[in-house]
Each structure stands twice: as structure tokens, then as C-alpha cells.
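Given next are the chains, with one letter for each unit.
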Amino acid sequence: MTHRPVPFTQFVLKVHSRCDLACDHCYVYEHADTSWRGRPRAVSEEVLAKVADRIADHAASHRLPAVHVVLHGGEPLLAGPALLRRAAEELRRALPAHCELDLRIHTNGVLLSREFCELFDEFGIKVGISLDGDKAANDRHRRYADGRSSHAKVLAAVQLLRRPEFRHLYAGLLCTIDVENDPVAVYDALVALDPPRIDFLLPHATWDDPPKRPAALGRAPYADWLLAVHDRWTAAGRPVPVRSFDSIHRTLRGRSSLTESLGLEPVDLVVIETDGTFEQADTLKTAYDGAPVTGFDVFANSLDEVAAHPGMLERQSGLAGLSADCRACPVVRSCGGGLYAHRYRTGSGFDNPSVFCGDLMQLITTVRDQSRTAARIPAQAVPAEPVLTDGQLDELAHGHGSAETVRVLANAQLGLTRSLLAAVAGSRASAAWELLTTLDQEAPQALDTVLRHPYVRAWAVRCLQGEQGADLGTLAELAAAAAIRAGRELDLVLPVRGGYMQLPGLGRLLVGGHGEERLTADAGGFTVRGERAYWADAEQWQPVRQLALPDGWTVALEDTDPQRDSHQWPVEDRLGEEELLRWQGALREAWELLGRDLPGYAAGVRAGLGTITPLRQGQPGHDISAAARQAFGAVGIARPATAPVLALLVAHEFQHVKLGAVLDFHDLYDPTETRRFHAPWRPDPRPLEGLLQGTYAHLAVTEYWGTRVRAYDGLPCEAADFARLQLATWRSHTARAVETLADSGALTPLGLRFAAGMAATVAPWLAEPVGAAAEALAREAVAENLARWQAGGIAPADIGS
């Protein structure tokens, strides 16, 4: 590994190595590792003093503002009040003044007493409790060695923490999942105890010792269990933070995870055993005997030495440290490969997906899809009347859409954005809102140009959903951009983000610092020529680059707007001049191909696709692209190696853009439908809208490969063979998906008409000769994917829409 070690900020300090319960799912005593047998029962005062000094030295050398220490076991309360007091005293003695101590204890709760709580109150020690739900659920695993229930004593411990004098010590509840427990009953039992936080843990397992999967519970029982809880939690208005769910929602928006078991953040945790040895994460005890061992201890080694251990570095290497299958997965930035220990298999070590891979895929994609549905426009913002004629709907149903039809969609989307903007502003009075309303009267065309920028709507929806990072400062940015386009003088306070003032659709101005700054401009400060804006001081100004392509298509490469992170993949930073030229050449060639081979799609692209947001490159051989449901007129693409692939990605993603706009105004399916359906190109079942979106996008994919086959007609070359295989595969996938939609019973009459239009587009390509070899390979691919779906497996490729 070549990256620099990440300093530790989280420390698990084992104060006792034995336990008073005999939980049969415990990774310390019941799994592969047996090192506990040779540990001292309780940590010594000598070890405690040395641990405190090591942590203090580490905090001082790395200028850490805070460290987090969890007193752990075994069962830490077996150490007794005196030893726990000494641990707290040593840590507070040693830490430098600039470093805060977040001190916690995690316990099964059966020994918790007022004496312990008074000690924890004195030292500010927060208390987390392990509890698996109601009595029936908890007693399935968390019992004494003689079989007695621990449930009543754990409830008494929680009730003690809920008392007013100790409520501030109550950190939350940790629940290990058993899929044979009722998920709703478990959740309700935990919520009834009014915890500040809940965490649901998958049971520890590996490929060598996989988790139980009762046949009656389906292909992904752990996903189904968690989704039942997620549904209950969401319906109740998310009354308590749930760390696993919050982490999924955060990582899907490109933010950090709150748990080691999800996301790609480097692990900054180390365990100190009762004998003073440093170990990797405790959960590795489930992999094999000795898996967490580092060979270091507090007496001979510094924490910097431990941080440089190969095992620690491996778990800090993010995407590069994952298996090839994981790196190619579309939800890898949310899943992160799952918990490290859960990847273990004899022979390949940890270079595998999680043993819960299928469950994690279904959980994350379902939460993602539900979030997208919930993010739809509020009903009051949607016009009561449909916006498209029958003829225009039929055009779109066939996958195409003339320039006029797409312009109708674009104008309707502008109306939605205006409604959302008004909803965001509400009754608030501000200089920015006053300027916007004035410009709406005096320069409506300039304002409309600004509001057509795709990420205005994305920002407005984020504001209405209360997402972090979506603030009303963007109102001032919109007002300033509209005033500049209208040629008005400007004097307005704008937010400064990362050293820049943002002018949506125009670019950003380098001012340095952060917070707010006043922007003043007259006719000499800014000049707008067509879509391009120029600032008097060119060194301060980074414009949105507009590429003028043949036949009248002008497209912006948006690499400045902070709201552009609306796609599921990370966005690229500001493009350098060489990369800009590569984009320009690739787009010119791709546009020529689209106009020549896919004219039915190119007309709509020219009229409706005004923005391409460059995304970061993925792994070699995996092309990345995405549309955003709330960003009409934009697609995100990581520039592929060839222009033909770029043409395919543009056509594919703009299909999503068009259909999303149609669904804003026309009901194609029953919105109460909750079943999930097989998509032939994916291993995970899809909600109905997900299947509809994927099918519609693959109309363009099918036609693209059909035109490639015809272009290579009669040529015995590798490219021709590849095109024939792709056509055979995608026409089969798309036709099967159309049949599934039509037979679902969930489409409206208009939706059935739409499905018939898609079927009519696919039909001619089903008759296109591709040769027996391509047909056979395509059948094999379809059968293999169906088998994976039926078995709950995950395909190790970028499986797309």
C-alpha cells in the first residue's frame, strides 16, 4: 500500500475479557477466534496508564481535536466501578488540553446499577445497550449460560438510563438481526424505549460460515427484514436516528457513512485488549483464529506503528482495497463492500464481496428508489391537466420524440421549477426574492433562462426535503445570474462556497474565503453573449464552457455548479484545457454518429439536452453515466474511451430524462404498486418505475446496436461479431421487460399504450439476423442472469439502469 496511514481517532479499550451472558451469536466467544482464553480477565492499572499515554501522544502528534474511546469487553461492567473509574481518570489525565474525550461504554446492561450510573455521570460516560427487541426476540440469543432470560434485567437497565438524572447518559440501543424474529415487533419494542439512536447489525458471518437463510424467507431475507423496518420507520416520520439507514441515505447523496459496515471512508479504529496488545477491528474474530492480530502492544509500539500495519492500511484504502466485483458494482460507494470481516473466504482471504452482497444490493437500491419516489414534485406543484397530446405521447412511447415534443416537456418542467421556487421562498422577504419577482415582470426571458438550468430544480427539491447543504443562499445566486443576463446593475449579498461565488448557468467567481460577500456589477463588470458570460477580470472568472456542435446543438459542460452532484456518481472537478479539448472532440464525433444513425433520438437530444456534467472515471472497462430525476436537461457522464460509446451513453441517459418528465404529468402506472419485478439485465428485483425506466432507456440501446449491425453487414470482423451479440442480448432483454410491464396488471390504460409503443419499436429488431453464434451466447447470458436473480446473486459487472 502506498497511501499515508490515517491517524486513529476511535479506540476500543477492553476492560474485561469475560462475559456474564452466553449469547450464541457472539463473535468473541462463539466464532473462529479463541484468543480470549489466554487474555487476563481484567485490564491492569499499568496497562490503563500506558494506553492513556499512547492515545495522548497520538492525539498530540496529529493535533486531533477529539478522540472517541469505548470501554468494551466481554462485558465491561464486570470490571467493576473502581477499575472503570481508573480508566476514565487515566484518559482524562493524559490527553492534551486541545483534545476532547468522547468516552462511552457498551454493555449488555444486566449489571447496570445506580452506582455505575453515578460514576458515568461524574465522568460523562455515555452508555450503549445491546438489546435484540422484545422478549421473544432477545431470548433467542441473549441468555445466561443456564438458559435463563436476560430480557427483564436489560429493560431495567434501560429504564434506569431513561430517568431524568441519567437520561443524558443514554447513548442508544444496538440490535443484532435474526431474520426469524418479526422485524416490525423488534423495531416497535426498541422505539418504545425512547432511545436516542438505534443501530441494526447484520449477524457476523463469512463465506466459510455463511449466515442462515431459511428457504421460506426468500432470496434476500436480511434485506427484506431491514426494509420492513425501514418502511415502518419512514411511515412514522423517522422518529429516531437509525445508523444503518442514515448511512445509506447519506452515502447515496455522496456524503460520509456513519458506520464501518457501509461506505468507503477509511477505518480509523484500533482495539486494545486487556493485556495491552493492539488489534484490528474486533469483528475480524469471526473470520479465522488470530485474524485481528497485529503483533504490537502498548508497551513496545506507538500508535503510528500500528496505523502502518498492512491490515490497517488495507482497511483505509477505500475503493482500491475492494475486490474487482465490488469495484464494478453501481452501489459500491454506498455499500463499500460491506463489513470487512464479512468478505472472508479461505483461499482468497478478504478479496471478495460481502457474504451479504445480495442483501446489501437489494437494501440499498430499494432505499435509493424509494428516496427518488419520495423526492417527486409536491402534488400542488403539478398542473392538473396533462401537457402532451396523444400524438406526442405515442411519439415518446416509441422511444423517440421530436424537437417540438421535447420542447413541450421542457416548458412544462420550467413551470414546475417556478412552482418549486415559490414554495422554497414561501413568505420570506429578501432582497434576492424581490429582485427575482421584479425580473419576472421586467425581464422574464432572462429569468427563464436561469431557471431552465437543470440543477435549479434539484436544489429546490433538496430545500423542500430539508437536506443538508441546500440553503436559501441559492436564491441570491439565481437572482444575480438573472440580473446579469438581463443587463441590470447588481448589488447583492451572495454566499461564498469553497472560495467561489456561484452564478447558476454562467460560472463562478473566485473571491476566496467563505461565508458571504457582496457582489456589485454594472454593464462593464459582466458581459453575456448568447450563453457565454465574461467577467472583466478573466483570472477570477471560471465560466461554464459551452460547446457549439454541428446542426445547432449547443451543450454546456457543467463543472462549476455545486448542485451538480445530483447524480449517483461523484462529479469531476474543473476540467483542464486538455481534457476540455478531449470532451469537445469526443462530443463532436458522438453527435455526428447520433445524427446519422439515431435521428429519431437526436432531434430530442438537440432540443432538450443542454447540460452534460462530467463524472469521475470508474474502473477501467466500466463506463459510468447517470440521469438525475430532478434535473431535466442534464446527464452525467464520465468521458469514455471512444466517441461511439459516448453516443450510446448520451442516447441511453436522455431516455431517462424524457421519461421522468413524462411521469411528472401523466400517470402510466398505479402509484400504490409495491411489488418488485425481474429486470432481465439486473440481478436485483426492481420497483415498477425502475423497470419502466430501464426498459425505456434500452430502447435506445437496442436501436444503437441494431444500426451497428447494419453498418457492419457482411464484414467478418471482431467489431461486427460484438455488435451482433449486443443486439441479440439487448433486444431480448428489452422485449422481455416490455412483456413483464404489460402483464403486470399495474399499468394504467395510458401505460399500456406506452408499453405497446415500446413493443412496436423492438419488434423489427427481433427479426434482424445476427447469426446462430450470437443468438446462442445471448440466450446463455439471459439464462445466467435469470439464474442469478432467482438465486439472489449479484452480477459482477456494471449492470446499469
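Computed from a prediction, not measured in an experiment: that's the story for all the values here.

Draft legend 1. Region of the structure containing the packing of helix 15 (residues 403-425) against helix 16 (residues 431-442). Where helix 15 contacts helix 16, the axes come no closer than 12 Å and their chain directions differ by 150 degrees. With respect to their mutual orientation, helix 15 and helix 16 come out roughly antiparallel. In this structure, the crossing between helix 15 and helix 16 has a hand that is left-handed. Where helix 15 approaches helix 16, its residues Arg418, Leu421, Ala422 and Ala425 are matched on the opposing element by Trp433, Leu436 and Asp440. Tallied by class, residues from the contact of helix 15 with helix 16 come to 5 nonpolar, no polar and 2 charged.

Draft legend 2. How the structure looks around the packing of helix 15 against helix 22 (residues 643-663). Here helix 15 crosses helix 22 at 60 degrees, and the two axes come no closer than 10 Å. Relative to helix 22, helix 15 is oriented oblique. The element helix 15 and its partner helix 22 pack so that their crossing is left-handed. Counting all contacts with helix 15, which are made through Val406, Leu409 and Gln413, the residues of helix 22 involved are Phe654, Lys658, Ala661 and Val662.

Draft legend 3. Here's a closer look at the pairing of strand 3 (residues 100-107). Summarising the sheet, strand 2 (residues 66-72) and strand 3 pair through 6 bridges and their orientation is parallel. From the neighbouring strand, Leu71 faces strand 3, where its bridge partner is Ile105. Following the chain from strand 2 across helix 2 (residues 80-94) to the adjacent parallel strand 3, one finds a crossover that is right-handed. By the bridge criterion, 4 bridges tie strand 3 to strand 4 (residues 126-130) in an arrangement that is parallel. When the sheet's bridge partners are listed, Arg104 is paired in strand 4 with Lys126.

Draft legend 4. Structural detail: the packing of aromatic side chains. In this structure the tally under the stated criterion is 13 aromatic pairs. A centroid spacing of 4.4 Å and a plane angle of 20 degrees characterise the contact between Tyr340 and Phe350, whose relative ring orientation is stacked. Highlighted residues: Tyr340 in the loop between helix 12 (332-335) and helix 13 (357-374) and Phe350 in the loop between helix 12 and helix 13, separated in sequence by 10 residues. Under the relative-accessibility criterion, Phe350 is labelled buried at 16%. Centroid distance Tyr696 to Phe754: 5.6 Å. Interplanar angle 40 degrees. Geometry classified as tilted. Of the two residues, Tyr696 is situated in helix 23 (residues 688-711) and Phe754 in helix 25 (residues 749-766); the sequence distance between them amounts to 58 residues. Put simply, the rings of Phe200, Trp225, Trp233 and Phe245 pair up and form one aromatic cluster. Looking at Arg315, its charged tip hangs above the ring of Tyr340, at a distance of 5.9 Å from the centre.

Reading the values: the criteria
Residues numbered from 1 in each chain as written. Predicted model: local features only at pLDDT ≥ 70, side-chain atom pairs only at ≥ 80, totals over all residues. Heavy atoms only, no water. Axes fitted to C-alpha atoms, helices over the stretch in contact; angles between N-to-C directions. Helix = DSSP H or I, 4+ residues; strand = E, 2+ residues; numbered from the N terminus. Parallel < 35°, antiparallel > 145°, perpendicular 65-115°, else oblique. Left-handed = near helix turned anticlockwise from the far one by under 90°. Contact = heavy atoms within 4.5 Å. Nonpolar A, V, L, I, M, F, W, Y, C, P; charged D, E, K, R; others polar. Pairing = 2+ DSSP bridges. Right-handed = clockwise from strand over helix to strand, strands pointing away. Phe/Tyr/Trp six-rings, centres within 6.5 Å; stacked < 30°, edge-to-face > 60°. Buried < 20%, exposed > 50% of the residue type's maximum accessible area, 1.4 Å probe, protein only. Lys NZ or Arg CZ within 6 Å of the ring centre and 35° of its normal.

In short, geometric facts, not functional conclusions.
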